[in-house]
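Residues per chain are reported as follows:
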Amino acid sequence: MSGHQDQDHGHDSHEGPIKTPKQLAWAVFFAFVVPIFVIVLLANYVTTDTKPAAGSVGLEEQAIAARIQPIGSIELKDASSAGALKTGEQVYQAQCAACHGTGAMGAPKFGDAAAWAPRIRTGFEALLNSALKGKNAMSPQGGGEHSDVEIARAVVYMANNGGARFEEPKAPAAAASAAN
């Protein structure tokens with residue numbers, strides 16, 4: 001057996017990759033300095049983000065206002081002001097022309113006297129009621145973006161261009177008398 005042990009001493013299998021003191025110094029340098037350098041870089045990366053500290057910005061007036069701002073807004077119009085209300089033509093262009101301009105979905109086409117004649121015979125109130133509450137494929141126009149007076153003006157504008165002689169509605173007198 002002693003001959004077998006002599007053969008094991010000739011193997012270099014138990015030696016590591018570091019063979020000189022210079023290699024050992026470099027291995028120690030990289031084993032400690034490189035991880036510390038990486039940690040410093042990561043710490044710098046994490047701390048340079050512009051996150052407010054807890055409680056520092058969260059209670060500022062602007063931050064509070066941004067969190068509680070309303071989703072919608074209300075626009076108040078003075079109904080007694082003639083300039084605040086849109087004309088029949090303006091409402092027609094904004095709301096009605098999509099269907100009444102082309103006659104889509106059975107809508108009486110703008111200016112078509114034959115299509116408007118039977119509707120005009122029912123009277124202004126019936127036409128306004130149909131516009132405000134909706135009829136057939138036309139959805140209700142009341143309570144939307146335009147006031148009832150503006151919708152009434154659009155009804156008069158369309159009916160008059162179809163042969164009617166309706167008078168354009170004026171601004172509500174209730175608002176004017178309430179101001180006195």
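Being a predicted model, the structure only gives us computed values, none of them experimental.

Thresholds, definitions, all that
Residues numbered from 1 in each chain as written. Predicted model: local features only at pLDDT ≥ 70, side-chain atom pairs only at ≥ 80, totals over all residues. Heavy atoms only, no water. Helix = DSSP H or I, 4+ residues; strand = E, 2+ residues; numbered from the N terminus. Buried < 20%, exposed > 50% of the residue type's maximum accessible area, 1.4 Å probe, protein only. Areas by Shrake-Rupley, 256 points an atom, 1.4 Å probe, with all protein chains shown as cover. Phe/Tyr/Trp six-rings, centres within 6.5 Å; stacked < 30°, edge-to-face > 60°. Disulfide = S-S within 2.5 Å. Axes fitted to C-alpha atoms, helices over the stretch in contact; angles between N-to-C directions. Parallel < 35°, antiparallel > 145°, perpendicular 65-115°, else oblique. Left-handed = near helix turned anticlockwise from the far one by under 90°. Contact = heavy atoms within 4.5 Å. Nonpolar A, V, L, I, M, F, W, Y, C, P; charged D, E, K, R; others polar. pLDDT = per-residue confidence, 0-100. Core = buried A, V, L, I, M, F, W, Y, C linked by side-chain atoms within 4.5 Å. Arc of directions from axis to C-beta. Polar contact = N/O pair within 3.5 Å; in protein donor to acceptor, adjacent residues only side chain to side chain.

S.K.: Could you give me a rundown of the overall build of the chain, with the residues and numbers involved?
M.R.: For the chain, the helix and strand inventory stands at eight helices and zero strands. Order of helices (α) and strands (β) in the chain, N terminus to C terminus: α-α-α-α-α-α-α-α. Expressed as a percentage of its 180 residues, the buried residues of the chain come to 19%. Per element, the accessible surface of the chain, about 13,600 Å² overall, is 60% carbon and sulfur.

S.K.: Please provide a residue-by-residue account of the packing of aromatic side chains, values included.
M.R.: This structure, assessed with the given rule, holds five aromatic pairs. Seen in terms of ring centroids, Trp26 and Phe30 are 5.7 Å apart; in terms of plane orientation they differ by 25°. Their pairing is stacked. In this pair, Trp26 and Phe30 are both assigned in helix H2 (residues 21–47), four residues apart and thus about one turn of the helix distant.

S.K.: Describe unusual backbone geometry, and please don't skip the residues or the numbers.
M.R.: Of note in the backbone geometry, Asn136 takes a positive phi value of approximately 55° without being a glycine. Relative to the elements of secondary structure, Asn136 occurs in the loop between helix H6 (124–133) and helix H7 (148–161).

S.K.: Break down the state of the cysteines for me, with residues and values.
M.R.: For the structure on display, the rule yields zero disulfides. No disulfide involves Cys99; its nearest neighbouring cysteine sulfur is the one of Cys96, lying 9.1 Å away.

S.K.: Please provide a residue-by-residue account of the packing of H6 against H7, values included.
M.R.: Here H6 crosses H7 at 120°, and the two axes come no closer than 10 Å. As far as their axial angle goes, H7 and H6 are oblique. Along this stretch, H6 crosses H7, giving a crossing that reads as right-handed. Counted together, Phe124, Leu127, Leu128, Ala131 and Leu132 of H6 and Asp148, Ile151, Ala152, Val155, Val156 and Ala159 of H7 form the full contact between these two elements. Considered class by class, the residues forming the contact of H6 with H7 number ten nonpolar, no polar and one charged.

S.K.: Before we move on, could you go through the confidence of the model for the chain and cite the residues and values that matter?
M.R.: Confidence along the chain averages 76 in pLDDT terms, with 76% of residues attaining 70 or more. Element-level mean pLDDT values for the chain span from 48 in helix H8 (residues 173–179) up to 87 in H2. For residues 174–180, every residue scores under 50 in pLDDT, and the model assigns this stretch three contacts once sequence neighbours within four places are set aside.

S.K.: Give me the nonpolar core: which residues, what numbers.
M.R.: Counting 18 residues, the largest nonpolar core has Phe124, Leu128, Ile151 and Val155 as the members making the most contacts within it. Per-element accounting of this core gives the leading share, seven residues, to H7. What Phe124 contacts, discounting residues up to four positions off in sequence, is Ala152, Val155, Val156, Phe166 and Pro169.

S.K.: Let's hear about helix H5 (residues 113–121): which residues, and what values?
M.R.: Taken residue by residue, H5 has Ala115, Trp116 and Ile120 as its buried positions. One face of H5 carries all of its buried residues, which in axial projection span an arc of 125°. Every exposed residue of H5 that faces more than 90 degrees away from the buried side is listed here: Ala114 and Arg121. Residues of H5 that are buried in the fold lie against helix H4 (88–100), H6 and H7. A positive phi of about 100° marks Gly123, the residue just after H5.

S.K.: Describe in detail the side chain of His100, supporting the description with residues and values.
M.R.: On the secondary structure map, His100 appears in helix H4. Here Pro108 takes part through its backbone oxygen, which lies 2.8 Å from a polar atom of the side chain of His100. Apart from residues lying up to four places away in sequence, His100 is in contact with Tyr92, Ala107, Pro108, Lys109, Phe110, Trp116, Met138 and Met158.

S.K.: Help me get a handle on the environment of His146, residues and values and all.
M.R.: Inspection of the secondary structure assignment puts His146 in the loop between H6 and H7. We classify His146 as buried; its relative accessible area is 4%. Through-space distance from the C-alpha of His146 to that of Leu85 is 8.7 Å; in sequence the pair is 61 residues apart. Not counting chain neighbours up to four residues away, the residues in contact with His146 comprise Lys86, Val91, Ala94, Gln95, Gln141 and Ile151.

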